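Each chain, written out:
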Amino acid sequence: MDFAFDARTEELRTKLLAFMDEHVHPAEKIADEQRALLASPWDTPQVVEDLKAEARKQGLWNLFLPDAEYGAGLTNLQYAPLAEITGRSPQLAPTALNCAAPDTGNMEVLFQFGTEEQKKQWLEPLLAGEIRSAFAMTEPEVASSDATNIETRIVRDGEDYVINGRKWYISGAMNPDCRIFIVMGKTATADGPDGADIRRQQSMILVPRDTPGLDVRRAMQVYGYEDHYHGGHAEVVFTDVRVPASNLIGEEGGGFAIAQARLGPGRIHHCMRLIGMAERAIELMCRRAVSRTAFGKPLAQQGVVQNWIADARVTVEQLRLLVLKTAWLMDTVGNRGAHTEIQAIKIATPRAVVDILDRAVQLHGAGGVSQDFPLAELWAAARTLRLADGPDEVHQRSLARREIKRYV
Ligand SMILES: Cc1cc2nc3c(=O)[nH]c(=O)nc-3n(C[C@H](O)[C@H](O)[C@H](O)COP(=O)(O)OP(=O)(O)OC[C@H]3O[C@@H](n4cnc5c(N)ncnc54)[C@H](O)[C@@H]3O)c2cc1C
């Protein structure tokens, strides 16, 4: 077994590390200052656009998309260590490289299932970083971790579909650059004339932001944060929203299958970035521990602090190996073949990284929960990933079922 990265990965890692040091980390403070002066906090600070232009110029663009014509043509194994590096600055770096969720998942859907016309109209500007997008599935009224519960209706009416429903936690939707929504809803019901199977009732449809009846109502908070850098997490109401039938993605009833395909890569990307967040936490822990003295000696000389740092290092090494194994399986046997591993890392990584960030907060004392260090915000972001893209328990349930099935 060879654990070394190949030449292309090494080359891109070197380039990306330099880009982070020279451009991204210095921009963190500037972006906050610029945002404070914007007319709306949801607008994009100029420095983010500058980072995008620089990343594109350097060939650090669309690295997430394995297709060589539309994306950078990297395998998941090649992309994993690069996504990890972007996780060290999760507010800026993924966007700078056009590798941020939910755009990445939405671009994958359009790439895999979109018609030529849909690709031209929406995929191309997304790949060029000219617009942003949102994925609207979750609803406040129903347990949305079970996608079969979704109640939004998408009803055929002549040459159109008409959409009615209420969604929330729709990431990215507060950003005015978010021009297109992929909406999941029901085109059929079990008790309707067609008596559709529970997994064939949902469909996905493209809804442009300026369609009458689409109301981006408010920004939901995340532990009190508004998450400006990711375009917030909006409540969105659809009232008699009418779009042409040609906006349907794939076929009627195909939404569930597309959602499954969309979430595989998205889940591993989150885990890759989480490892980068954990690395940043370890670095901050070490810097703090050597620079702060309590009860006559540096914090770094306290056994308990050494245990935290050692445990964090051990955990990160374990997680990284599992992420890389999963990426390799996705490349070699496909997302379906890597199902167990994708679920395993989605369960293991957010949980463990939340723990590491929690210790880093503790080590920083009051500073750890303050706005002067990135730890509190990183903690909140990592914690939400125990819910977003499927709660831990849902993945545990399905992984356990597959495991148990081998014995019945
Ligand atoms: C920051 C953030 C961003 C998000 N972005 C998006 C987005 O862009 N688009 C979008 O559509 N959604 C988004 N979501 C929503 C997210 O996908 C859902 O919150 C998630 O799928 C869970 O659905 P729910 O909130 O309805 O919880 P519910 O389905 O009500 O589940 C609540 C809890 O019940 C328990 N539970 C559920 N099923 C089981 C089970 N089988 N076994 C044991 N326990 C179980 C779990 O503990 C679970 O956390 C986002 C959420 C957050 C927090």
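For the structure, check the block above.
These lines cover the structure that appears in this document, whether it is placed above or below. Predicted model only: the values in this text are computed from it and were never measured.

**Re the overall build of the chain**
Then step 1. What the chain contains, in helices and strands, is eleven helices and ten strands.
Then step 2. Taken over the C-alpha trace, the chain has a radius of gyration of 22 Å; the compact-globule value for 408 residues is 22 Å, and the two agree within 12%.
Then step 3. Considering only C-alpha atoms, the chain reaches an extent of 75 × 60 × 40 Å along its principal axes.
Then step 4. Within the chain, contacts between residues at least 6 apart in sequence are counted, and of these 74% link residues at least 24 apart.

**Some details on the site of the ligand**
Then step 1. Around the ligand sit 21 residues, and of these F135, T138, S145, Y169 and S171 come closest.
Then step 2. Taking M137, its main chain carries an N or O atom lying 2.8 Å from an oxygen atom of the ligand.
Then step 3. A distance of 2.9 Å is found between a nitrogen atom of the ligand and a backbone nitrogen or oxygen belonging to Y169.
Then step 4. Taking 980 Å² as the accessible area of the ligand by itself, protein coverage stands at 69%.

**Describing the pairing of strand 1 (residues 132–136)**
Then step 1. Most of strand 1 sits out of view: five of its five residues are buried.
Then step 2. Side chains of strand 1 alternate between two faces, with R132, A134 and A136 and S133 and F135 buried alike.
Then step 3. Pairing geometry for strand 1 and strand 4 (residues 178–186), over five bridges, is parallel. For A136, the partnering residue across the bridge sits in strand 4 and is V183.

**Considering unusual backbone geometry**
Then step 1. In this model, A101 is joined to P102 through a cis peptide bond whose omega is 0°.
Then step 2. Within the fold, P102 resides in the loop between helix 4 (93–96) and helix 5 (103–113).
Then step 3. You will see that N62, though not glycine, has its phi angle at about 50°, which is positive.
Then step 4. The phi angle at F295 is positive, at roughly 50°, despite the residue not being glycine.
Then step 5. Relative to the helices and strands, F295 resides in the loop between strand 9 (293–294) and strand 10 (297–298).
Then step 6. Since its relative accessible area comes to 88%, F295 is described here as exposed.

**So, the side chain of Q78**
Then step 1. In this structure, Q78 sits in helix 3 (residues 76–86).
Then step 2. Among the polar contacts made by the side chain of Q78, one reaches the main-chain amide nitrogen of T75 at a distance of 3.0 Å.
Then step 3. Every residue in contact with Q78, bar those within four places of it in the chain, is listed here: D6, R8, T9 and G73.

**A few points about the nonpolar core**
Then step 1. Formed by 89 residues in total, the largest nonpolar core has its most connected members in F19, L63 and L97.
Then step 2. Per-element tally for this core: the top contributor is helix 7 (residues 255–291), with 15 residues.
Then step 3. Discounting residues that sit within four places of it in the chain, L97 has contacts with L16, F19, A55, L60, W61, N62, L63 and T86.
Then step 4. Core analysis: the second largest hydrophobic core is formed by 23 residues, I170, C178, L214 and L248 among them.

**Let's talk about the environment of Q221**
Then step 1. With respect to the helices and strands, Q221 occurs in the loop between strand 6 (214–220) and strand 7 (233–244).
Then step 2. Sequence separation between Q221 and H233 is twelve residues; the distance between their C-alpha atoms is 7.2 Å.
Then step 3. Those residues in contact with Q221, other than ones at most four positions away along the chain, are Y169 and E226.

Basis of the calculations
Residues numbered from 1 in each chain as written. Predicted model: local features only at pLDDT ≥ 70, side-chain atom pairs only at ≥ 80, totals over all residues. Heavy atoms only, no water. Helix = DSSP H or I, 4+ residues; strand = E, 2+ residues; numbered from the N terminus. Rg over C-alpha atoms; globule rule 2.2 N^0.38 Å. Contact = heavy atoms within 4.5 Å. Near = heavy atom within 4 Å. Polar contact = N/O pair within 3.5 Å; in protein donor to acceptor, adjacent residues only side chain to side chain. Areas by Shrake-Rupley, 256 points an atom, 1.4 Å probe, with all protein chains shown as cover. Buried < 20%, exposed > 50% of the residue type's maximum accessible area, 1.4 Å probe, protein only. Pairing = 2+ DSSP bridges. Core = buried A, V, L, I, M, F, W, Y, C linked by side-chain atoms within 4.5 Å.

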